[in-house]
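Structure assessment
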Amino acid sequence: MMELKQRADQLLAGAVATGAVPGVIAMACDRDGTLYEGAFGERTLGSGKPMTLDTVVWIASMTKALTSIAAVQQVERGLLDLDAPAARVLPALGEVKVLTGFDASGNPTVRPPKRPITLRHLLTHSAGFSYEIWNTDIQKVQAAHGIPGITECKRKSLTTPLIADPGERWEYGINIDWAGLMVEQVTGKKLGAVLRENLFEPLAMTHTAFRITGAMRERLAGIHLRGPDGKLAPFEFEIPQEPEFEMGGGGLYSTMGDYLRFVRMILNHGQLDGERVLKPETVVQLGLNHMGNCRVTSLTAAIPLTNDAEFFPGTRKTWSLAFQVNLDPVFTGRPAGGLMWAGLANSFYWIDPLNGLGGVYATQIFPFADAGSVETYYSFESAVYGSRR
């Protein structure tokens, strides 16, 4: 592992030195424990506070996997059904329509969907919901009806229409926020409480929450924005700390050490250090395609806080009940059947069930899919696989 430490340290320190990232944390593991951990740069540029292994970051859409697991746990317990109409749990989902266009006044026109939305549709991002950050039509709907963006965590944020019929294509959007509300409905508890009781406490993820505690805030990294000149500068951004709903699609703050424990739980077939949170047969399902012939496609930027985004273009990718699954081997060394996703501020993780490897990486940069950060992440994952050869 000395080779991995030297290679990864050099890579990450170099990314800070060149301005590719302001600060970065990266860790890798196998089923038995941590293989590498490193932190370089500053939490916030100009602060003089170094990035450390216990730095707290906004993990954004890395939240989705955790919320998805909370939903799958309720399926295991018989409280949720993957294929029943989701409106049986949340009647509002039975009222959602499909966007067909806009009239002369700019008001959206809609029609009923061809089939009901199910929890499986939501968990695989095939329900037809989208995000305004990657869809200008959703922006027009928001403008016409005064609907706030999803990161405002207001219930009205969830009132956008579908842009495709359920089950007909992969479309990245507010699906997991709805899944989180389904979890709340059947448990009678806030999503954060469900996650804490069923995931965070059993897995000793003691620094992960929707609400930033005082102790977490002392170690919080700031967000940065890359300007037209390519330079990074601090950028004020924080998820509302008194939200109308806890955003299961992107509201959590965490440390990479905590998230690595979640990765190790998946690698260990649903348990870690004697604490079981998922059945082994459920974890098998988390590595399989659950959206039929649909495939993950590229995301086209519709606002400046993201670039166009696709991981490993040219390879076939599908979605399980919690993760993107690469159906082909990828250039980092990850084999077919690997699992991954990311967060909007350029945080990433991967899980390789075949080799029992995984890793996490976080910086705090807008726009998403920032070239410097994505390249650094890919290089880190490649270094982990290279050290195993």
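For the structure given in this document, a descriptive report is provided here. If you're wondering where the values come from, they're calculated on a predicted model, not measured in any experiment.

1. So, the side chain of Asp 328
With respect to the element layout, Asp 328 can be found in the loop between strand E12 (324-326) and strand E13 (338-343). With a relative accessible area of 19%, Asp 328 lands in the buried category. Here Arg 316 takes part through its side chain, which lies 2.8 Å from a polar atom of the side chain of Asp 328.

2. Looking at the packing of helix H2 (residues 63-76) against helix H6 (residues 191-200)
Contact geometry for H2 and H6: axes closest at 10 Å, N-to-C directions at 80°. Classified by the interaxial angle, the pair formed by H2 and H6 is roughly perpendicular. For the pair formed by H2 and H6, the contact residues are Leu 66, Thr 67, Ile 69, Ala 70, Gln 73 and Gln 74 on the first element and Leu 191, Val 194, Leu 195, Asn 198, Leu 199 and Phe 200 on the second. Tallied by class, the residues present in the contact of H2 with H6 amount to 8 nonpolar, 4 polar and no charged.

3. Looking at the pattern of salt bridges
The tally for this structure, following the rule as stated, stands at 17 salt bridges. Between Asp 137 and Lys 140 there is a salt bridge whose closest N-O contact spans 3.8 Å. You can see Asp 137 and its partner Lys 140 sitting in helix H4 (residues 136-145), 3 residues apart, about one turn around the helix. If you follow the salt bridges from partner to partner, you end up with Lys 114, Arg 115 and Glu 168 in one network.

4. Looking at the sheet that holds strand E14 (residues 347-352)
As summarised here, the arrangement of the 7 strands in space is E2-E1-E15-E14-E13-E12-E11, forming an open sheet in which the pairing is antiparallel. Each end of this open sheet is capped by a strand with a single partner; those strands are strand E2 (34-41) and strand E11 (317-319). Neighbouring strand axes in the sheet, compared pairwise and without regard to direction, differ in orientation by 15° on average. Where strand E1 (residues 23-30) and strand E15 (residues 357-362) come together, 6 bridges link them in antiparallel fashion. For Met 27, the partnering residue across the bridge sits in E15 and is Val 360.

5. Observations concerning the environment of Val 384
As for its placement among the helices and strands, Val 384 is situated in helix H10 (residues 371-386). Remark: the alpha-carbon pair of Val 384 and Val 374, spanning 10 residues in sequence, is separated by 16 Å. Sequence-distant contacts of Val 384, defined by excluding residues within four places in its chain, comprise Leu 4, Ala 28 and Trp 350.

6. Quick look at the environment of Leu 344
By the element assignment, Leu 344 lies in the loop between E13 and E14. Beyond its immediate sequence surroundings of up to four residues, Leu 344 is in contact with Trp 58, Ala 60, Ser 61, Ile 133, Trp 134, Ile 365, Phe 366 and Phe 368.

7. Thoughts on the pairing of E13
Where burial is concerned, most of E13 is hidden: 6 out of the 6 residues are buried. Of the two faces of E13, the one lined by Gly 338, Met 340 and Ala 342 and the one lined by Leu 339, Trp 341 and Gly 343 are each fully buried. Two elements, E12 and E13, share 3 bridges in a ladder whose sense is antiparallel. Bridging across to E13, Val 325 finds its partner in Leu 339. Hairpin connection, E13 to E14: the antiparallel pair is bridged by 3 residues, and Asn 346 has positive phi, about 70°.

8. Re the environment of Leu 327
By secondary structure assignment, the location of Leu 327 is in the loop between E12 and E13. Linking Leu 327 and Leu 288, residues 39 residues apart in sequence, is a C-alpha distance of 9.6 Å.

9. So, the sheet that holds strand E7 (residues 232-234)
The strand order across the open sheet built from 3 strands is E7-E6-E16, with neighbouring strands paired in mixed fashion. Each edge of the open sheet is held by one strand with a lone partner, namely E7 and strand E16 (365-366). Across 3 bridges, the pairing between strand E6 (residues 224-226) and E7 is antiparallel. By the bridge assignment, Leu 225 is partnered in E7 with Ala 233.

The rules behind each value
Residues numbered from 1 in each chain as written. Predicted model: local features only at pLDDT ≥ 70, side-chain atom pairs only at ≥ 80, totals over all residues. Heavy atoms only, no water. Helix = DSSP H or I, 4+ residues; strand = E, 2+ residues; numbered from the N terminus. Buried < 20%, exposed > 50% of the residue type's maximum accessible area, 1.4 Å probe, protein only. Polar contact = N/O pair within 3.5 Å; in protein donor to acceptor, adjacent residues only side chain to side chain. Axes fitted to C-alpha atoms, helices over the stretch in contact; angles between N-to-C directions. Parallel < 35°, antiparallel > 145°, perpendicular 65-115°, else oblique. Contact = heavy atoms within 4.5 Å. Nonpolar A, V, L, I, M, F, W, Y, C, P; charged D, E, K, R; others polar. Salt bridge = Lys/Arg side-chain N within 4 Å of Asp/Glu carboxyl O. Pairing = 2+ DSSP bridges.

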